[in-house]
Amino acid sequence: MQINSYGPGTTPSLLMSSGHPASFQGPQLSPSPAQQQVALPPGSQVPPPANNGLCAQPLVPPIARQGGIPGPVFPSPNLQQLSAQSSGPGYHPQQSNYGLQMAGSQLSFPGAFSGGPAQLSGPQQKKLDPDSIPSPIQVIENDKASRGGQIYATNTRGQVPPLVTTDCIIHDQGHASPRYIRCTTYCFPLSSDMARQACIPLAAVIQPFAVVPPNEVVLITCYRAQYETPLHVVSHGETGPIRCNRCKAYMCPFMQFIEGGRRYQCGFCNCVNDVPLFFFQHLDHTGQRVDHCERPELYLGSYEYVATLDYCRNNKPPKPPAYIFMIDVSYRNIKSGLVKLICDELKTLLGKLPREEQEECSAIQVGFVTYNKVLHFFNVKSSLAQPQMMVVSDVGEVFVPLLDGFLVNFQDSRSVVINLLDQIPEMFADTNESETIFAPVIQAGMEALKAAECAGKLFIFHSSLPTAEAPGKLRNRDDKKLLNTDKEKTLFQPQVNSYEPLARDCVANGCCVNLFLFPNQYVDIASMGLVTLYTGGTLYKYSNFQLDADSPRFLSDLRNNIEKKTGFDAVMRVRTSTGFRATDFFGAIYMNNTTDVEMAAVDCDKAVTVEFKHDDKLNEDSGALIQCAVLYTSISGQRRLRIHNIGLNCSSQLADVYKSCETDALINFFAKSAFKAILSQPLKMVREMLVNHTAHMLACYRKNCASPSAVSQLVLPDAMKVLPMYMNCLSKSCVLVGRPEIPTDERAYYRQLVTSMGVADTQLFFYPQLLPVHSLDLKSDAIPAAVRCSEERLSEGGAFLLANGLIMFLWLGVSVPPELIQGLFNVPSFTHIRTEATSLPDLDNPYSKKFKSVLKHIQSQKPYAMKLMIVKQREQSEMLFQQFLVEDKSIYGGASYVDFLCCVHKEICQLLS
């Protein structure tokens, strides 16, 4: 049955598998926020948790009751901070204290993380009907139906935007678009006590360079031309941006003009400032400036300032950035054809380097290095007839052997560069060198950018563990015996100390590292990826790279990275109005102090998740204001400030806070927080904390906001009704579940990717999209509606496409119609389908064209080219596919959605009793 959004005062009871309505008791509270009730089957017991750390009691004793329920056990939802709690009475780090067990026959919770099957210690209980519990698919479809295709105006403080899965047109009318900022809740509790009680993390996910659809860009007229840009650019000449004298917030719609327009009161710190003479304008009868609609900084939530020399390194205008391509020319890369593939592609790509809309050609300079155990720099100066190679064999003290001719403009040196790219594969054709270096490669690229006094990106193409004698040398430390022990966390930490200071130096010099990995075995991504993560770069991994099968995906990723919108040498500062402040930051960032978020580069796909804490009481009238300012260098070498402003409501009513929550942003926060915590905490404890938080949030809602109901009811706030689903997906993700079958590098890779993801990407990653391909409407442009991610939704006569943003599966049932097989694969029957294929043939028929358009649509919205895997029902490869059916019990250990709900419900009952 369908789950609807219920209005105030209603408490729907969902039918169980037995068909009986759930019991409901007690008077209605009016008004109450919309809520969802899930009934547990009559007479069934909530299964007690297995001793696996999923469903433990609070790890530290609850504080005194506030508002009728035990206060949350943690001062903050930030798992990194939670983990630092000292052990109080009753705290046992080695065992979970489950408190009183419920009497009667019990179904013990499936061995979520020990991987064991469910154990029955009594007669089988009735299971919840999956159709009777809240569905992410239904929530997504409901939001599309009510808000899809509409214009969403950002003119109201604290309004909750459409979901990330809903297509709409966003009209900036004073608050930043949700494409740039999404919050875990759009109504902050008034006090820190309230925040502790609700246990809802107060956070914003900021994607400062997010891609804006063509129908939302603005037209800028400058002295050279008219051009389209996502944001208005404001220039105050040599005076620079107008800022509050006290808190340094930038001029924005939250500033209140007074005294006839001669002064303004800062919305963030209430300081009264003089208006500069050049900026003065009279006020109208409503107290607004008469030029309000002509100044982007007064009526828009997002805009850019042209920065002055005060904002530049050494008070000098920056130079345009540079891209340095660094290719591993060891034996395997030459023999596999990878080096030739890279060189051939660069010949095309270098002509498409990004440029400002109004510029005729790109200002970005390029340089080339190859390496194995030593480094080879190339002089490609335009005046040369042939490129020149210089070898640096002292990799302990790397230096740049040439300055003039290393970084060049591609258009000027085109013939020399093309000549070099033709020669590189032949130059190393007879190599038998298999050992490689890695840290000195990054060092060399950074030193080159530093010498040229510009920021830039390194594109490193690497394939093996760096075992040659050099700084950053690594050994294979992939020890399966560490799994599920207190030492498991070391697998996610760098094994040597040299990578962190190297990352720090890269950030200081505006050097962003993009790493393309082609491993056949363990390469220690936790160590090698650290510099990429800290510098705002991107990590790509192509395991067991096959030229024919994997080239399209790799080349697509390379093109995308080279062409994407990027800000260089960036510093981000998040300011808030009085009463709260930013305390924690998660993302592909480096922090040298507590306030400045440093990124050697920040591109359109990178998001920084910021957590806030109260330091005083908030004000309902003025709300909670947030301003994000990113100082960066553009691709043309101009220093700019990108400003995003958003205002949230504040309330003394917990119901308002719950009503304004956004589950997708909450999961983004919890995932990044958990993935940071595993560097210092046992994974079992991190999983326990996730369950604990889920139970605390829902227990507080039930006690303080919900209508009275029977104990067997699991009451969920409408805005968070699928939160348990997503929390379960996070708890059993491969990063948090240590199993010998899952490679350590794979876990470290996913951990790094999720750390920099925006809300839309984490939403799809944790709850993949499952589309019934057999339901394609060949006469329509529409994509078939997604179904729930469960094996129950598959059918022998169906074909299903599953996508999570990094990988795609095409699952085929044994009885799939022959016409569909013929249309997609051009073979006569199911048995003729080759599952090793990673792409489908281009065929001139409606099935093929429609399916290819669906693939293209899904891919167009994601930052990584997704690998396509063909899976046939009842064949070996189906096991890999089943891991992504996240509503089911995982084969690697991990609860089904239904079992997780029962577990959370038991926790809630214990908290309320």
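Residues numbered from 1 in each chain as written. Predicted model: local features only at pLDDT ≥ 70, side-chain atom pairs only at ≥ 80, totals over all residues. Heavy atoms only, no water.

Caption draft 1: Representation of the overall build of the protein within the structure. Summing up its helical and strand segments, the protein has 22 helices and 34 strands in all. Looking at the protein residue by residue over its 913 residues, the buried ones come to 60%. In the protein, of all internal contacts separated by at least 6 residues, the share reaching a separation of at least 24 is 74%. For the protein, the exposed surface amounts to about 34,600 Å²; the carbon and sulfur share of it is 49%. (Helix = DSSP H or I, 4+ residues; strand = E, 2+ residues; numbered from the N terminus. Buried < 20%, exposed > 50% of the residue type's maximum accessible area, 1.4 Å probe, protein only. Contact = heavy atoms within 4.5 Å. Areas by Shrake-Rupley, 256 points an atom, 1.4 Å probe, with all protein chains shown as cover.)

Caption draft 2: Layout of the packing of aromatic side chains. The final tally for this structure, using the stated rule, is 38 aromatic pairs. Taking the centre distance of 4.5 Å and the plane angle of 10° together, the rings of F516 and Y540 count as stacked. In this pair, F516 sits in strand β22 (residues 511-517) while Y540 sits in strand β23 (residues 539-541), placing the two residues 24 residues apart along the sequence. Just as F516 is buried, Y540 falls in that class too. Ring plane angle 70° and centroid distance 5.6 Å describe the contact between F809 and F881, whose orientation is recorded as edge-to-face. Linking F809 in strand β33 (residues 807-812) with F881 in helix α21 (residues 878-882), this pair joins segments that are 72 residues apart in sequence. Under the relative-accessibility criterion, F809 is labelled buried at 0%. Three or more aromatic residues joined by ring pairs form one cluster here, namely F461, F516, F518, Y540, Y542, F545, F554 and Y864. Over the aromatic face of F279 sits the side chain of R289, whose NZ or CZ is 4.3 Å from the ring centroid. (Phe/Tyr/Trp six-rings, centres within 6.5 Å; stacked < 30°, edge-to-face > 60°. Lys NZ or Arg CZ within 6 Å of the ring centre and 35° of its normal.)

Caption draft 3: Quick peek at a nonpolar patch on the surface. The grouping of M389, V391 and M427 at the surface amounts to a nonpolar patch, some 250 Å² of accessible area in total. Mapped onto the elements, M389 comes out in strand β19 (residues 388-392). (Patch = residues over 30% accessible without salt bridge, like charges linked within 9 Å, V, L, I, M, F, W, Y side chains within 5 Å. Salt bridge = Lys/Arg side-chain N within 4 Å of Asp/Glu carboxyl O.)

Caption draft 4: Up close: empty space enclosed by the protein. In total, this model carries 8 cavities of 30 Å³ or more according to the counting rule given. Its boundaries defined by the atoms lining it, the second largest cavity holds a volume of some 90 Å³. Along the walls of the second largest cavity sit 14 residues, with Y152, Q159, H175, A176 and I646 positioned nearest its centre. Along the lines of polarity and charge, the residues of the lining of the second largest cavity split into 7 nonpolar, 7 polar and no charged. (1 Å grid on protein atoms, 1.4 Å probe; cavity = no way out; pocket = protein on both sides within 12 Å on 5 of 7 lines; lining within 4 Å. Points joined across faces, edges and corners; volume = space filled by probe spheres on them. Nonpolar A, V, L, I, M, F, W, Y, C, P; charged D, E, K, R; others polar.)

Caption draft 5: Here's a closer look at the nonpolar core. Among the nonpolar cores identified, the biggest contains 238 residues, and F368, L375 and F554 are the most heavily contacted of them. Counting residues per element, this core draws most heavily on helix α15 (residues 683-704), which supplies 10 residues. Not counting chain neighbours up to four residues away, the residues in contact with L375 comprise V369, T370, M390, V391, V392, V395, V398, I437, P440, V441 and A444. F257, L300, A307 and Y311 belong to the second-largest nonpolar core, a separate cluster that totals 28 residues. (Core = buried A, V, L, I, M, F, W, Y, C linked by side-chain atoms within 4.5 Å.)

Caption draft 6: Inspection of the sheet that holds strand β13 (residues 263-265) at higher detail. If you walk across this open sheet you meet the 3 strands as β12-β13-β14, and the pairing is antiparallel. Since the sheet does not close on itself, it has two edges, and those belong to β12 (256-258) and β14 (272-274), each with one partner. Taking each pair of neighbouring strands and ignoring which way they run, the sheet shows an average axis angle of 35°. In the sheet, β13 pairs with β14 via 3 bridges, with the strands oriented antiparallel. Looking across to β14, one finds that R263 is bridged to D274. (Pairing = 2+ DSSP bridges. Axes fitted to C-alpha atoms, helices over the stretch in contact; angles between N-to-C directions.)

Caption draft 7: Molecular detail of the pairing of strand β29 (residues 639-651). Among the 13 residues in β29, 12 count as buried, and that is most of the element. Sheet topology note: the strand β15 (residues 302-306)/β29 ladder contains 5 bridges and is antiparallel. Its bridge partner being in β29, Y303 is matched across the sheet by I643. Note that strand β28 (residues 624-633) and β29 share 10 bridges and pair antiparallel. Bridging across to β29, C628 finds its partner in H644. In this structure, the hairpin formed by β28 and β29 is closed by a connection of 5 residues, where G637 is found at a positive phi of approximately 90°.

Caption draft 8: Broad picture of the packing of helix α6 (residues 338-349) against helix α12 (residues 547-563). Following both chains from N to C, one finds α6 and α12 inclined at 40°, their axes separated by 11 Å at the closest point. Put simply, α6 runs oblique to α12. As α6 packs across α12, the resulting crossing turns out to be right-handed. Along its contact with α6, which presents L338, L341, I342, E345 and L349, the element α12 presents L547, S551, F554, L555, L558, R559, I562 and E563. Of the residues assigned to the contact of α6 with α12, the class counts are 9 nonpolar, 1 polar and 3 charged. (Parallel < 35°, antiparallel > 145°, perpendicular 65-115°, else oblique. Left-handed = near helix turned anticlockwise from the far one by under 90°.)

Caption draft 9: How the structure looks around the pattern of salt bridges. Taken as a whole and assessed by the stated rule, the structure comprises 43 salt bridges. Note that E453 and K319 form a salt bridge whose closest N and O atoms lie 3.8 Å from each other. Here the residue E453 occupies a position in the loop between α8 (439-452) and β21 (456-462), and K319 occupies one in the loop between β15 and β16 (322-328), the gap between them amounting to 134 residues. A relative accessible area of 42% means that K319 is categorised as partly exposed. Between K849 and D844 there is a salt bridge, and its shortest N-O distance comes to 2.8 Å. The pair K849 / D844 is uniform in exposure class, with both members exposed.

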